[in-house]
Structures are given as structure tokens and as C-alpha cells.
Amino acid sequence: MSTETVTLSEAAAKRIAQIVASEADKSALRVTVEGGGCSGFSYKFDLDKGPQSDDIVVSRDGATLLIDPMSLVYMAGSEIDFVDNLLGQSFQINNPNAVASCGCGTSFSV
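Since we're looking at a predicted model, the values are computed, not measured.

About the cut-offs
Residues numbered from 1 in each chain as written. Predicted model: local features only at pLDDT ≥ 70, side-chain atom pairs only at ≥ 80, totals over all residues. Heavy atoms only, no water. Helix = DSSP H or I, 4+ residues; strand = E, 2+ residues; numbered from the N terminus. Contact = heavy atoms within 4.5 Å. Areas by Shrake-Rupley, 256 points an atom, 1.4 Å probe, with all protein chains shown as cover. Buried < 20%, exposed > 50% of the residue type's maximum accessible area, 1.4 Å probe, protein only. Pairing = 2+ DSSP bridges.

Peer 1: Hey, could you run me through the overall build of the protein chain in this one?
Peer 2: Secondary structure assignment for the protein chain yields two helices and nine strands. Each helix (α) and strand (β) of the protein chain, taken in turn from the N terminus, gives the series β-α-β-β-β-β-α-β-β-β-β. Contacts in the protein chain between residues far apart in sequence, at least 24 positions, make up 52% of those at least 6 positions apart. Total accessible area on the protein chain is roughly 6,100 Å²; 50% of this is exposed by carbon and sulfur atoms.

Quick look at the structure:
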């Protein structure tokens, strides 16, 4: 497994902390890579109670991000950002491993 981890931008950390604060039984955002999507893989975002024993835990400014080891293989070196612009609000993953992505921004190939 790669020793590279995933980082959170300041904007993403702030937004995760806001979302989690409004959910009484949740403490973290989990990002998972799944097969499917128009480019081969897609990202899935879920709120979670806490880490599993083998999760990679990324913390910044009071926000916690959880990634399972299998997803980290596809996401190593990525930065998760939160963008708020005219097109809307969304988490975006800047993944150096992705060789192609689709317009929706949640599907990629390696």
C-alpha cells in the first residue's frame, strides 16, 4: 500500500466540520472508491460514526475524514477540496492517479 495519504483543504475541513456538527450521531466524513461511474470508478461520500480498525484517518481543523485501505490505493496523494461557486457547492477530489474523469467530477479512471 502507498505511504502517501490524502489531504484536506481548509475549505473542505471547514465544511466537513459544519456538516458533522449538525448530525448528532456522526463524527466523520467517509470517502470510498467504488467500481462504476462513467469513467470506471466513482467516489462515494457518507457520514460515519467513527473509524473502523483499518481506516486511514485524516484530521484537520476539527474535521475528520475516513478512508478504507482499498480506497486509499486509488486516492493516494489526492487533495479533497470544497468548492462553492456559481455551479453550486461540492467536494472535489484532485487525484493525481486519475488519468481521465467525467464532467460530473465524481467518476474517474486510473
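Peer 1: It is not clear to me how the environment of Pro69 should be interpreted in this structure. Could you clarify?
Peer 2: Examined against the element boundaries, Pro69 turns out to sit in helix α2 (residues 69-75). Classification of Pro69 as partly exposed rests on a relative accessible area of 23%. Spatially, the C-alpha atoms of Pro69 and Asp54 are 6.9 Å apart, while their sequence positions differ by 15 residues.

Peer 1: Which parts of the structure should I look at to understand the environment of Ile19?
Peer 2: Mapping Ile19 onto the fold places it in helix α1 (residues 10-21). Put simply, Ile19 and Leu47 are 28 residues apart on the chain and 8.7 Å apart in space, counted from C-alpha to C-alpha. Excluding its chain neighbours within four sequence positions, the residues that come into contact with Ile19 are Leu47 and Phe91.

Peer 1: Explain the pairing of strand β5 (residues 63-67) to me, please; I cannot follow it from the model alone.
Peer 2: When a strand is regular, its side chains alternate between the sheet's two faces. The element β5 is extensively covered by neighbouring structure, given that five of its five residues are classed as buried. Residues Ala63, Leu65 and Ile67 point to one face of β5 and Thr64 and Leu66 to the other, with burial holding for every one of them. Two strands pair when backbone bridges link them, and strand β2 (residues 28-35) and β5 are joined in this way by three bridges, in the parallel orientation. Bridging across to β5, Arg30 finds its partner in Leu66. Between strand β4 (residues 56-60) and β5, which pair antiparallel and follow one another directly, the connecting turn spans two residues, one of which, Asp61, has a positive phi of 50 degrees.

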